[in-house]
Amino acid sequence: MTEGKRRRGLTAASALLGGVMVLSACSGSGDDTGSGGGGGKGASQAQVDEAAAKKTSEAQIKITPKDGSNNASINNSAAVAVTKGTLTEVTMTTTDGTVVEGEIAADKKSWKPSVQLERATAYKLTATAEDSKGRAAHENASFTTVSPANSFIGNFTPDDGSTVGVGMPVSINFDKAIANKAEVQKGITVSTSSGQEVACHWFNPNRMDCRPEDYWQENSTVTLKLALDGVEGAEGVYGVQQKTVNFKIGRNQVSVVDAETKQMKVTQDGKTVRTIPISAGSPENKTWEGQMVISEKFKETRMDGATVGFTDDDGKGEYDIKDVPHAMRLSNSGTFLHGNYWGAKSIFGSANTSHGCIGLADTQGANDPNTPGAWFYDNSIVGDVVVVKNTGDKTVAPDNGLNGWNMDWAQWKAGSAV
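Residues numbered from 1 in each chain as written. Predicted model: local features only at pLDDT ≥ 70, side-chain atom pairs only at ≥ 80, totals over all residues. Heavy atoms only, no water.

Caption draft 1: Quick look at the overall build of the chain. Secondary structure summary: the chain contains five helices and 28 strands in total. When each of the 418 residues of the chain is scored for burial, the buried share is 43%. Taking contacts inside the chain between residues at least 6 apart in sequence as the whole, the part at least 24 apart equals 64%. For the chain, the accessible surface area stands at approximately 21,500 Å², while carbon and sulfur atoms represent 49% of it. (Helix = DSSP H or I, 4+ residues; strand = E, 2+ residues; numbered from the N terminus. Buried < 20%, exposed > 50% of the residue type's maximum accessible area, 1.4 Å probe, protein only. Contact = heavy atoms within 4.5 Å. Areas by Shrake-Rupley, 256 points an atom, 1.4 Å probe, with all protein chains shown as cover.)

Caption draft 2: Representation of the side chain of Asp 323 within the structure. Within the secondary structure, Asp 323 is located in strand β25 (residues 320-329). Of the side chains with opposite charge, Lys 322 lies nearest to the buried Asp 323, which makes no salt bridge, at 8.5 Å. Within the local environment of Asp 323, its side chain forms a polar contact with the side chain of Gln 364, the two groups lying 2.8 Å apart. (Lys, Arg positive; Asp, Glu negative; His and termini not counted. Salt bridge = Lys/Arg side-chain N within 4 Å of Asp/Glu carboxyl O. Polar contact = N/O pair within 3.5 Å; in protein donor to acceptor, adjacent residues only side chain to side chain.)

Caption draft 3: The arrangement of the sheet that holds strand β19 (residues 242-249) in detail. The strand order across the open sheet formed by four strands is β11-β19-β16-β13, and the pairing between neighbours is mixed. Sheet topology places β11 (163-164) and β13 (188-192) at the edges, where each strand pairs with a single neighbour. Pairing analysis gives seven bridges linking strand β16 (residues 221-227) to β19, with the strands arranged antiparallel. Pairing of Lys 225 across the sheet is with Thr 244, part of β19. (Pairing = 2+ DSSP bridges.)

Caption draft 4: Representation of the environment of Arg 329 within the structure. Here Arg 329 is to be found in strand β25. On the accessibility criterion, Arg 329 (19% relative accessible area) is buried. Through-space distance from the C-alpha of Arg 329 to that of Lys 297 is 6.5 Å; in sequence the pair is 32 residues apart. Not counting chain neighbours up to four residues away, the residues in contact with Arg 329 comprise Val 293, Ile 294, Ser 295, Glu 296, Gly 334, Thr 335 and Phe 336. Among the polar contacts listed, one links the side chain of Arg 329 to the side chain of Glu 296, at a separation of 2.8 Å. A polar side-chain atom of Arg 329 sits 3.0 Å from the main-chain carbonyl oxygen of Ser 331.

Caption draft 5: Up close: the layout of surface pockets. Approximately 250 Å³ is the volume attributed to the second largest pocket. If you list the elements that add at least two residues to the lining of the second largest pocket, you get β25, β26 (336-340) and β27 (358-361). Its residues assigned to classes, the lining of the second largest pocket shows seven nonpolar, eight polar and no charged. (1 Å grid on protein atoms, 1.4 Å probe; cavity = no way out; pocket = protein on both sides within 12 Å on 5 of 7 lines; lining within 4 Å. Points joined across faces, edges and corners; volume = space filled by probe spheres on them. Nonpolar A, V, L, I, M, F, W, Y, C, P; charged D, E, K, R; others polar.)

Caption draft 6: Up close: the sheet that holds strand β18 (residues 237-239). In space, the three strands of this open sheet follow the order β9-β18-β17, with mixed pairing throughout. Strand pairing shows two members of the sheet lacking a second neighbour, β9 (151-152) and β17 (232-234), which therefore form its edges. In this sheet, β18 lies alongside β9 in parallel orientation, the contact comprising two bridges. Its bridge partner being in β18, Ser 151 is matched across the sheet by Tyr 238.

See below:
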């Protein structure tokens, strides 16, 4: 290459490199001493950033849970809060576009949904706020609530607002086996306006009942609080309930069935109000003994012996009565106190003839209010106590129905996990 050609090549390369540098520069020549008006030729990066900051809202929006969260709470998620500003609009939808109702607080500093969220559901939140100068800020988040496979609930009785008898325990049946019993029990409190001490007892990993040492004080109020949201019941399985339940204890009704005398004495608040002739289990099919609690009431129900093991050689039930009147359940295994229209009137008070239930004289159709069966049904509520004695059989198991009263106080408290 001649000297002239080499010089011409260097000159061209220099011009090309200079062009690249000019094209790739962010703010002119890099001289920060220029006039810089409006991002022009002499504007510095600092000046551009300052100008942008003047247009940015000071409002700071926070959405809970964080964007992208999984296993979010169905109770405490979807909270929106703002500082240095006020909320102007919040929209929450499911992935299919269904709008979730919610409300901005009176001070416009927060928002929350008006309904409980669903499990295993994806939600999207969009929030807008303004600062004192009217400048808008925006925030978005998406999250998914905890799935049924990764959560547990406790199905409890009695219901909120109900009135029950003095024997009614708080009984909670969990839909998943609980391994961390202590942690779950700490999230459950049961208290009473009477001041009675209440203890809880685990019958198995799925069931916990709570009661005082003696029957509930009549006309008291019992409060059940479930603070289980986020509590790990087993590995990777979390509670979702957060609620308070109140129920009232009614008058003190305890009925004592004596299978030997074949009489039932009904007491209310310590006074005998009626003595009723009964027919208990036959010598071949004795009735359980012990303290039992009425857990369900049916004006009429079907009783099929095959469902509780009483079958003929053909496999069919020894009995199948489709319209048993005034039936009240005393155990999960099929013990009822019920009306009987098919037996001779002479058996009541004189003979024990049943397959283990306690029968009272009644009429078919359950429409005669003057029968002993109808009277007892009308004067009983769920939670009333029926004490059965002198049958010659063993005591009903404490977990067979709501019958934990057949366990003494020391044994009961020994079943607590805390």
